[in-house]
Amino acid sequence: MQLIRRIALFFLLPLTAVAGVLPEDRADLMYHYYDGGGVTIDGPSLLVRKKFAEKYAVSASYYVDMISSASIDVITTASPYDEERTQYGAGFEYLRGKVTYAASFSNSSENDYEADTASLSISQDMFGDLTTVSLFFTRGWDDVTRRGDATFADEIDRRIYGVDVSQVATKNLVLGLSFEAITEEGFLNNPYRQVRYVDPDAALGYSYEAERYPRTRTGNALSARARWYLPYRAAIQADYRFYTDTWDLRSHTAEIAYTHPLDDEWTFDVHYRFNTQNEAEFYSDLFPRQDFQNFLARDKELAAMQSHTLGFGVAYEFKPSWADFLGKAAINLKYDRIRFDYDNFRDLRVTGVAPGTEPLYQFDADVFRLFFSGWF
Amino acid sequence: MKKIFRFPLAALLAALVAVAWPAAATDGSPPAPAFKLANRAGGDMSLSDLKGQVVMINFWASWCGPCRQEFPALDQIYSKYKPMGFQMVAINVETEKADAERFLGKTPVSFPILFDPDNQVSGSYGVSAMPTTFLVDRQGRLRWQHRAYKPGDEAKYIEQIRQMLREKS
Amino acid sequence: MKPVRLLGVALLLLAATGCSRLEPWVKPYERENIADPIMAWDRDPVSSSYMRHVYEAREGARGGAGASGGGCGCN
C-alpha cells in the first residue's frame, strides 16, 4: 500500500557517526517479517560498512519488502494484492580530526512509487569528547503514480533538517537531545484511498469519495533520551518524543528499554513503547455529506490512536571458526508485538449497523527480525 | 574577588594552560611526575627505577580500540630499542584487571604492564585522550606527549626515541 | 553552591568553543562503562532502522531518531 512506500526514504543508512573513531567494519544480513491487520510483509535486508585508513568509510544497503496486502482499507474498498518494493542505498563518511562528514543516497522503487533520498551530515566531538553535536539535512524526491491509471503522476518534495546532541553526563550516564523539522510539498495522500460520507441512498448508508489532502505538511519532532549503565553490567534506556505538525497532529511517544548481557556471549533486550496521537485536523471516519470540506482524510494513520509495543531480543556472539576474516559474529532474534488502538477509525468489515456505530478498529501485529552480523 | 568566581576562573586558567601546553619539546621541559605502580609481572615499578634510560609511558585500556590497535607496534619498538637503553611501560587505567588480562592473553606483549586502577597517575600526567603516550628522556624530563593513535603514528615515536637515545645521560 | 559552580564552568565551556582541550569532568580514562558496547545508542542499525520504518508507515509522527556520540572517546 502507498502508506508504506512514502516512508521508504526514512529507512536511511545510519548517518551520524562518533567523530574521532569511525565505527567498526561490519556486515548484517537480516530477514524481517511483519504480520498485522491483514498485511504480511517480509524480505531481506543487507547492510555493509567498511573503513579505510581510519579516515574514510563506505556503506551499502539492500532492502526488499514483499507485500501481501489484505488490510482493512484494501478489503473494504479494493481487492487484496501482492507487490514488491526494493531499496538500495550507499553512503560515504570522512573523518578529519574530531569531525565526521557523511553523505548518503538511497533509492526505493515499486510499481507505483519511486523515492530518491539524499542526505548530508556533519558531526563533531567537543569538550573533551563528552559532547557530540550533529547537524543533518535530507532531501527527498518522490514520484507517485497509480496502478491502472496511466494519466496520473505527481510528486513529493521533502526536506528534513535536524540537529542532535549527545552528552556524556557521568561515568555511567549518556544523554541525548534531538530536534528535527520535516517539510513536504506535493501529493501527500494515497491515490487509492477514499473517505466515506453519510449517504441515505446508499445500501450501506454511506458512500465513498476520493480523499483530498493539503499539498504541504510541516512537522517538528523533539526527542530526549537517556541511557544508564547499571553496576552489575546492564543498561537501561528511556526515550521520549514529542511531535507536532501543520495538520494539527500531535503525538507523544515514550519508550523504556533494558539490556542485560550474560557472560560474554548472550545479550537480552526487553522494551516497551507507547505512542499516542490525536487526529489530523481534516480527518474524519464519517463525513456528514459529500464534499463536506476542503480537505478530507480517512487514513487511520491520521486518526486518534494509541499503540503499545512489547518487544524482546536475544543475541548470541561467537567467533566463527569457518570464517577467518570475521573477528566476531553474532546471531540475533528480535520479536515485537504491537497493539494498534483507534479512537475514531471504525471497522467497516462490520456491516448491518448504522454508519458511525461500527466497532472501533484495533489490531495486533507481530514483527520478527532474524539477523546475522559479522565484524571484519 | 567574589567566592563564586573563584572556581570558574580557576577552570578558565586551567583551560588556557591546557591549550598552551606544547605538543613539542621545549627547553624548559618539566620533570615527568613520579609514580610507583603494581607490575603485572609481580612487584612494583617506579619511574625512578628507570632513570638514565629513555622511557615511553603509554596509558591504555582494553575497551579502547586505538589502544589495542597500537600494542603490536609498541611491542616492535620495544624489542628493537630495548638493547640501546630504552624502556617502555604501559599503564592500564581500568578499575578492574579482568578485561585487561583477557586482552593480554590474546595479544601478549613483552613490555611491562602496570596497573593504575584509582587513576592517580593518569590524573598527575593529565591524560586527556585515550591512548596517550609520553616520552621521557634520560634525565627524567617529559619531552613529548602524543594524544590518540592512528596507524602510522609509531614513525613519529621512533624518530623521537632515536633522538633521545643519542643524547647523553 | 555546587550547582552554581557547575553552571559557571558550563557557561565558560560554552564560551570557549574554539578550544579543543578543555577539562572534561569525565576523564578519557574513566570512560570504561560508556565505551561498553551495551551502552551504544544503536547497537544494531539494520534492525532499528527497520523498526523506525514500521512505525513511521503506521503512525502519524515522524523523525526524532537522530543519535550519535557516547562511545569510547578515543582519539
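Residues numbered from 1 in each chain as written. Chains lettered and ligands numbered in written order. Predicted model: local features only at pLDDT ≥ 70, side-chain atom pairs only at ≥ 80, totals over all residues.

Colleague: Just checking my understanding: could you explain the overall build of chain C for this structure?
Modeller: Along its length, chain C carries two helices and zero strands. When the 75 residues of chain C are sorted by exposure, 57% land in the buried category. (Helix = DSSP H or I, 4+ residues; strand = E, 2+ residues; numbered from the N terminus. Buried ≥ 20, exposed ≤ 12 C-beta atoms within 10 Å, placed from the backbone.)

Colleague: Quick question: what am I supposed to make of the overall build of chain A here?
Modeller: Along its length, chain A carries two helices and 18 strands. Taken over the C-alpha atoms alone, chain A extends approximately 70 × 40 × 40 Å along its principal axes. At a minimum sequence separation of 6, the contacts of chain A that also span at least 24 residues come to 59%. (Contact = placed C-beta atoms within 7 Å.)

Colleague: Just checking my understanding: could you explain the sheet that holds strand β5 (residues 113-115) of chain B for this structure?
Modeller: Sheet strands pair by backbone hydrogen bonding; their relative direction is either parallel or antiparallel. Residue and element names in this part refer to chain B. One open sheet accounts for seven strands, arranged β2-β1-β5-β4-β3-β6-β7; its pairing is mixed. Strands at the two margins of the open sheet, each flanked by one partner only, are β2 (44-46) and β7 (142-147). Here the average twist between neighbouring strands, direction ignored, is 30°. Judged from the five bridges that link them, strand β6 (residues 132-136) and β7 form a sheet pairing that is antiparallel. Counted as the bridge partner of V136 is L142 from β7. Here helix α5 (residues 154-166) sits on the sheet and contacts β3 (54-60), β4 (86-92), β6 and β7; the angle it forms with β3, its principal contact strand, is near 150°. (Pairing = 2+ DSSP bridges. Axes fitted to C-alpha atoms, helices over the stretch in contact; angles between N-to-C directions.)

Colleague: I tried to follow the nonpolar core on my own but got confused; where do I start?
Modeller: Residue and element names in this part refer to chain B. Membership of the largest hydrophobic core comes to 50 residues, with the highest contact counts inside it found for M56, I57, A61, C64, V89, I91 and L135. Within the residue set of this core, elements represented by two or more residues are β3, α2 (65-81), β4, β5, β6 and α5. At six residues, β3 tops the list of elements feeding residues into this core. The contact partners of I91, leaving out residues within four places of it in the chain, are L37, I57, N58, F59, L114, D116 and V121. (Core = buried A, V, L, I, M, F, W, Y, C linked by C-beta atoms within 7 Å.)

Colleague: What should I look at first to understand the environment of A32(B) in this one?
Modeller: All names here are of chain B. Positionally, A32 belongs in the loop between α1 (3-20) and β1 (36-39). On a C-alpha basis, the gap between A32 and G140 in space is 5.9 Å, while along the polypeptide they are 108 residues apart. Setting aside chain neighbours within four positions, we find A32 in contact with L47, F134, V136, G140, R141 and L142.

Colleague: What is the right way to look at the confidence of the model for chain A in this model?
Modeller: For any part of a model where pLDDT is low, the fine detail of the predicted coordinates should not be relied upon. Chain-level statistics for chain A give a pLDDT mean of 92 and a share of 95% at 70 or above. For residues 7-19 of chain A, every residue scores under 50 in pLDDT, and the model assigns this stretch 67 contacts once sequence neighbours within four places are set aside. (pLDDT = per-residue confidence, 0-100.)

Colleague: How should the pairing of strand β5 (residues 99-110) of chain A be read in this particular structure?
Modeller: On a regular strand, each side chain points to the face opposite its neighbour's, so the side chains alternate between the two faces of the sheet. Residue and element names in this part refer to chain A. The alternating pattern of β5 places T100, A102, S104, S106, S108 and E110 on a buried face and V99, Y101, A103, F105, N107 and S109 on a face that is not buried. With eleven bridges connecting them, strand β4 (residues 81-96) and β5 associate as antiparallel partners. Pairing of T86 across the sheet is with S109, part of β5. Where β4 folds back onto β5 in an antiparallel hairpin, the turn is made up of two residues, including G97, whose phi is positive at roughly 65°.

Colleague: Got a minute to help me understand unusual backbone geometry in this structure?
Modeller: Peptide bonds are mostly trans, and most non-glycine residues show a negative phi. Look at the link from M130(B) to P131(B): it is a cis peptide, with omega at -5°. Tracing the backbone through its elements, the reader meets P131(B) in the loop between α4 (120-124) and β6. One non-glycine residue, D263(A), adopts positive backbone phi at about 50°. Along the chain, D263(A) turns up in the loop between β14 (250-262) and β15 (266-277).

Colleague: Which parts of the structure should I look at to understand the environment of D269(A)?
Modeller: Residues and elements named next belong to chain A. For D269, the location among the structural elements is in strand β15. A count of 21 C-beta atoms within 10 Å places D269 in the buried class. In the structure, D269 is positioned 33 residues away from I236 in sequence and 9.7 Å away in space, judged by C-alpha atoms. Every residue in contact with D269, bar those within four places of it in the chain, is listed here: A257, T259, F312 and G313.

Colleague: Looking at this structure, how should I read the confidence of the model for chain C?
Modeller: Overall, the prediction assigns chain C a mean pLDDT of 75, with 56% of residues at 70 or greater. Model confidence for the complex: the whole-complex pTM is 0.85, and ipTM, which rates the interface, is 0.91.

Colleague: What's the story with the pairing of β15(A) in this structure? I'm lost.
Modeller: All names here are of chain A. In terms of strand pairing, β14 meets β15 through twelve bridges, oriented antiparallel. Considered in β15, the bridge of L262 is made with W266. Counting the residues in the hairpin turn of β14 and β15 gives three residues, including D263, whose phi is positive at 50°. Summarising the sheet, β15 and strand β16 (residues 305-318) pair through twelve bridges and their orientation is antiparallel. Residue F268 lies in a different strand from β16, and its bridge partner there is V314.

Colleague: Could you clarify how one ought to interpret the packing of α2(B) against α5(B) in this entry?
Modeller: For any two helices packed against each other, one specifies the crossing angle of their axes together with the interaxial distance. Residues and elements named next belong to chain B. Orientation of α2 relative to α5, taken along the N-to-C sense of each, is 20°, at an axis distance of 11 Å. With respect to α5, the axis of α2 lies roughly parallel. You can see that α2 and α5 cross each other, and the crossing is right-handed. Where α2 abuts α5, its residues A73, I77 and Y81 lie against E154, Y157, I158, I161 and L165. Across the contact of α2 with α5, the residue classes tally to seven nonpolar, no polar and one charged. (Parallel < 35°, antiparallel > 145°, perpendicular 65-115°, else oblique. Left-handed = near helix turned anticlockwise from the far one by under 90°. Nonpolar A, V, L, I, M, F, W, Y, C, P; charged D, E, K, R; others polar.)

Colleague: Is there a simple way to think about α2(B) in this case?
Modeller: Structural remark: α-helix, 3.6 residues per turn; residues separated by three or four positions point the same way. Residue and element names in this part refer to chain B. Here α2 contains 17 residues, and its C-alpha end-to-end distance of 25 Å stays within 8% of the 24 Å for a straight helix at 1.5 Å per residue. Largest kink in α2: about 35°, centred on F71, with the proline P72 one to four residues after it. Of the positions making up α2, those classed as buried are G65, P66, C67, E70, F71 and L74. Along its buried surface, α2 packs onto β3 and β4. (Expected span 1.5 Å × (residues − 1). Bend = angle between axes of the 7 residues up to and from the residue.)

Colleague: Mind showing me how you'd approach the environment of E184(A) here?
Modeller: Residues and elements named next belong to chain A. With respect to the helices and strands, the residue E184 is situated in strand β9 (residues 173-186). Of the residues examined, E184 has 22 C-beta atoms within 10 Å and is grouped as buried. Between the alpha carbons of E184 and G162 there is a distance of 15 Å; along the sequence they are 22 residues apart. Excluding residues within four positions of it along the chain, E184 makes contact with I156, R158, T216 and R217.

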